[in-house]
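The lines below spell out each chain.
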Amino acid sequence: MKFEHVSVLLNETIENLNIKPDGIYVDGTLGGAGHSYEIARRLGTGGRLIGIDQDRDAINAATERLAEFGDKVTIVKSNYSEMDIILRDLGIDKVDGILLDIGVSSFQFDNPERGFSYREDAPLDMRMDRNAGLSAYDVVNTYEERDLIKILRDYGEEPYAESIAKNIMKHRAKGPIETTFMLNDIVKEALPAKEKAKPGHPSKKVFQALRIEVNGELSVLEDSIDMMIDLLKPHGRLAIITFHSLEDRIVKNHFKDNMNPCICPPEFPVCVCGRKSKGFMVTKKPITPGEEELLRNRRSKSSKLRIFEKGIDI
């Protein structure tokens, strides 16, 4: 299956990265290299792009797509949480821009064997890095009921987390839950009739929760934003695209904390904590897709782009 992915908010992202021909840029979620191609295309002599992805299929596809740019591009198989180590090993101290496009690529969703989609019958997997140990099968078949409830509530915002977790426990007592369609049936069985009658797939939130748990998506994002801001040169920009409220909330809060880090009580006349702003949010509200993109790519509907610019007096 060919690796294909329609890049979301492509023009808006490239425009807000303020790409300089001689700049150094990092795409922390390389995917099919849609964003990276446009970055590399704008680089001149001295410009450099580092692309990072944990999915071997993405690495292979991006390597082929970016081959025309030669040694301007360096591709690394890893997680963006290792960005500071990767740059250090490459002899790079600071960069002019960083991009993250959080979430699952179209290829991963549409490739049945990866087990990301509730619309295709496949083994429960959902690993972005196929060499990783934990899979959706492991979560569904080995986690305690209370842990399943917590995951479904916290990561899927699933209102019927308890009944779904209870039904999972009941079914796996008879034998392992091995496929996406087996899980679909268990989820449907646990829902009241009024919920099953609603539009949309009943397993959507459950699959989201499992995918986030398997790949540690929220914790990786939470632990990486401050590090990435520290890697920026003055006026360098960090652009992050998210696809659901949990991710967007993390990005928004970290950007705010880096813009206004002071922890002094509001009644203090001057700051005494010594914490200084690292920069500012380029837009108060996230950038969302326009009508044309929404018509062209329905998967862009929930996407949001936020940008942070590094300050000078740090």
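Check the entry above for the structure.
Residues numbered from 1 in each chain as written. Predicted model: local features only at pLDDT ≥ 70, side-chain atom pairs only at ≥ 80, totals over all residues. Heavy atoms only, no water.

Draft legend 1. Summary view of helix α13 (residues 245–259). Over its 15 residues, α13 runs 21 Å from end to end, which matches the ideal 21 Å to within 8%, given 1.5 Å per residue. Every buried residue belonging to α13 is among Leu246, Glu247, Asp248, Ile250, Val251, His254, Phe255 and Asn258, and all of these are buried. In this structure, the buried side of α13 is in contact with α7 (145–156), α11 (204–215), α12 (217–230), β5 (232–242), β6 (279–281) and β7 (304–310). (Helix = DSSP H or I, 4+ residues; strand = E, 2+ residues; numbered from the N terminus. Expected span 1.5 Å × (residues − 1). Buried < 20%, exposed > 50% of the residue type's maximum accessible area, 1.4 Å probe, protein only. Contact = heavy atoms within 4.5 Å.)

Draft legend 2. Representation of the environment of lysine 252 within the structure. Along the chain, the position of lysine 252 falls in helix α13. Put simply, lysine 252 and isoleucine 240 are 12 residues apart on the chain and 9.9 Å apart in space, counted from C-alpha to C-alpha. Apart from residues no more than four positions distant in its own chain, lysine 252 is found in contact with Met281 and Arg306.

Draft legend 3. Here's a closer look at the sheet that holds β7. One open sheet holds the seven strands; their spatial order is β3-β2-β1-β4-β5-β7-β6, and the pairing between them is mixed. Each edge of the sheet is formed by a strand with only one pairing partner; in this case those strands are β3 (73–77) and β6. Direction aside, neighbouring strands of the sheet carry axes that sit 15° apart on average. Across three bridges, the pairing between β6 and β7 is antiparallel. Directly across from methionine 281, in β7, lies its bridge partner phenylalanine 308. Each of β2 (48–53) and β3 is contacted by helix α3 (residues 56–65), which is oriented at about 165° to β3, the strand it contacts most. (Pairing = 2+ DSSP bridges. Axes fitted to C-alpha atoms, helices over the stretch in contact; angles between N-to-C directions.)

Draft legend 4. Broad picture of the packing of helix α9 (residues 180–190) against α11. Close contact between α9 and α11 brings their axes to 10 Å; oriented N to C, the two are set at 125°. Between α9 and α11, the angle is such that the two are oblique. Here the hand of the crossing between α9 and α11 comes out right-handed. Two secondary-structure elements touch here, α9 through Thr180, Leu183, Asn184 and Val187 and α11 through Val206, Phe207 and Leu210. Class assignment for the residues of the contact of α9 with α11 results in five nonpolar, two polar and no charged. (Parallel < 35°, antiparallel > 145°, perpendicular 65-115°, else oblique. Left-handed = near helix turned anticlockwise from the far one by under 90°. Nonpolar A, V, L, I, M, F, W, Y, C, P; charged D, E, K, R; others polar.)

Functional significance is not addressed by these values, which are geometric in nature.
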